[in-house]
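# Structural description and commentary
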Amino acid sequence: MSSSDDNLPQPDPGPDSDSSPGPTQPQPDPQIPLTIHHLSFNQDNTCFSAATDRGFLVFNTDPYRSLFRRYFDCGLSLLSMLFRFEIFALVGSSSSPSPAAAATNTKALLWDDHASRCIGELSFRSPIRSIRLRRDTIIVTLLHKIYVYNFSDLKLLHQLETTSNPKGLCEVSQVSGHMVLACPGLQKGTVRVENYGSKRRKFINAHSSNITCLALTHDGRVLATASSKGTLVRVFNALDGTLIQEVRRGSDRAEIYSLAFSSTAQWLAVSSDKGTVHVFSLKVDSAVLGDDRSRTTQGVLPKYFSSEWSVAQFRLPEGSQYTAAFGQQKNTVMIIGMDGSFRRCQFDPVNGGQMTQMEEHNFLEQEGTFSEME
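Calculation rules
- Residues numbered from 1 in each chain as written.
- Predicted model: local features only at pLDDT ≥ 70, side-chain atom pairs only at ≥ 80, totals over all residues.
- Heavy atoms only, no water.
- Helix = DSSP H or I, 4+ residues; strand = E, 2+ residues; numbered from the N terminus.
- Buried < 20%, exposed > 50% of the residue type's maximum accessible area, 1.4 Å probe, protein only.
- Contact = heavy atoms within 4.5 Å.
- Areas by Shrake-Rupley, 256 points an atom, 1.4 Å probe, with all protein chains shown as cover.
- Pairing = 2+ DSSP bridges.
- Axes fitted to C-alpha atoms, helices over the stretch in contact; angles between N-to-C directions.
- Core = buried A, V, L, I, M, F, W, Y, C linked by side-chain atoms within 4.5 Å.
- Phe/Tyr/Trp six-rings, centres within 6.5 Å; stacked < 30°, edge-to-face > 60°.
- Lys NZ or Arg CZ within 6 Å of the ring centre and 35° of its normal.
- Polar contact = N/O pair within 3.5 Å; in protein donor to acceptor, adjacent residues only side chain to side chain.
- pLDDT = per-residue confidence, 0-100.

On to the overall build of the protein chain. Helices and strands together make up the secondary structure of the protein chain, namely 2 helices and 31 strands. The buried share among the 374 residues of the protein chain stands at 55%. If you take every contact in the protein chain between residues at least 6 apart in sequence, the share linking residues at least 24 apart comes to 48%. For the protein chain, the exposed surface amounts to about 16,200 Å²; the carbon and sulfur share of it is 49%.

Turning our attention to the sheet that holds strand 12 (residues 145–150). Taken in spatial order, the 4 strands make up an open sheet running 10-11-12-13, and their pairing is antiparallel. With partners counted over all chains shown, the strands left at the sheet margins are strand 10 (130–133) and strand 13 (156–161), one partner each. Strand-to-strand, the axes of this sheet are offset by a mean angle of 15°, without reference to chain direction. Of the strand pairs in this sheet, strand 10 and strand 11 (residues 137–141) are connected by 4 bridges, and their pairing is antiparallel. Note that in strand 11 the partner of I131 across the bridge is V140.

A few words on the nonpolar core. If you look at the biggest cluster of nonpolar residues, it comprises 20 residues, and the most contacted ones within it are L122, F124, I128, I138, V140, Y149 and F151. Every element with two or more residues in this core is listed here: strand 6 (76–82), strand 7 (85–92), strand 8 (107–112), strand 10, strand 11 and strand 12. Counting residues per element, this core draws most heavily on strand 7, at 3 residues. Ignoring sequence-local partners within four residues, the contact set of V140 consists of L122, F124, I128, S130, I131, K145, I146, Y147 and Y149. Grouped together as the second largest cluster of nonpolar side chains are 18 residues, A226, V233, V235 and A265 included.

Right, let's talk about the packing of aromatic side chains for a bit. Under the counting rule described, the total for this entry stands at 14 aromatic pairs. On the basis of an interplanar angle of 10° and a centroid distance of 4.8 Å, the ring pair of F48 and F59 is categorised as stacked. With F48 in strand 3 (residues 47–52) and F59 in strand 4 (residues 55–61), the pair connects residues that are 11 residues apart, well separated along the chain. Residue F48 is classed as buried on the basis of its relative accessible area, which comes to 0%. In this structure F59 comes out as buried when scored by relative accessible area, which is 0%. Through a chain of ring-to-ring contacts, the aromatic side chains of F41, F48, F59, Y64, F342 and F363 assemble into a single cluster. The ring centre of F83 lies 3.9 Å from the NZ or CZ of R135, which sits over that ring.

Turning next to the side chain of N195. Of note, N195 is situated in strand 16 (residues 190–195). Within polar-contact distance, the side chain of N195 engages the backbone nitrogen of G197 at 3.0 Å.

One open sheet accounts for 4 strands, arranged 14-15-16-17; its pairing is antiparallel. The sheet terminates laterally at strand 14 (171–172) and strand 17 (200–205), the two strands that pair on one side only. Pairing analysis gives 6 bridges linking strand 16 to strand 17, with the strands arranged antiparallel. Within strand 17, the position partnered with N195 by the bridge is R200.

Looking at the secondary structure, you find S227 in strand 19 (residues 222–227). What makes S227 buried here is its relative accessible area of 5%. Reaching out from S227, the side chain makes a polar contact with the side chain of S209 at a distance of 3.1 Å. Leave out the neighbours within four places in its chain, and S227 touches H207, S209, N210, I211 and T212.

This next bit is on unusual backbone geometry. Here the bond from D62 into P63 is cis, since omega is 5°, no more than 30 degrees from zero. For P63, the position within the fold is in the loop between strand 4 and strand 5 (64–71).

Per-residue confidence for the protein chain averages 84 on the pLDDT scale, and 81% of its residues sit at or above 70. Overall, residues 1–26 carries pLDDT values under 50, and its contacts beyond four positions in sequence, including any with other chains, amount to 67 contacts. Contacts of residues 289–306 to residues separated by more than four positions or lying in other chains number 23 contacts, the stretch itself having pLDDT below 50.

Encoded structure:
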């Protein structure tokens, strides 16, 4: 199998593909703990899913409850939900095909859970690093390339080249209409923004070191970026590249695990390997409308003092990777961990300070009670 990303992948939309994994009976021994390979929220944060070494789990976020679990004859390295539809993109965890592992990490399978079958697949010559779903589009990221497909027929619409992108960084807008896509550019510290409505692209010199995390608002108008230093997060107008705001996570180097906007783009949540989730207050409304360009000028103060610090924080046990997102309840943050933890916290938007934990669950220990998708 070639390791080059330069070979055009061939989509195979065969709905009756024999290579698709399927639920196996009997189910795995419940005494053997599951290993989580990937965790993510869906597009509107109403669900989160876990790809494991034996299939996947899906949970409702508010109220928190288990929805369902699916066991396959192979492990999964990646999983992407399409809102609350029972359509999933699955990527296997094995590096080579075998009778016990039909889904490899070079193949993306579209799984219709209602019909319990594979409805399409996309095959590549190198491992898939991430996959994003929209109602009309599938976006697959490899180490050096990103492929954009039409959802209905898996027709290749566009391909982009990036710098080395081992984390599969790529974010897309989720509102109906033309897509906005953000990904690393070809130069270190650069972000490429593709606006498929205006057919324009913008290269933003976001950081001096490698980009390690990205986030887009649902409408694709605001972009947040973090670099390998992990001290500063920058917020940009994604349409014209204007710097709106610079916020400071801390003064020491850290690996940023996740960036997340609230639905109104009033708040930004940041998680890192330091075991703290930070919430920052944003000032993007007037800036996105073009009325606050003066904010791009940081004045004569050193950047350490001109960048803004977080309003609220929440401490987590170190040693696990956490992803944060905003909840449906006002001023709440949800945190999911590779250790199997789910937490809901509330922050005070006026006084700030330490967030209050509202609930905590270990979703790996509570597999016994599952209900159906709504």
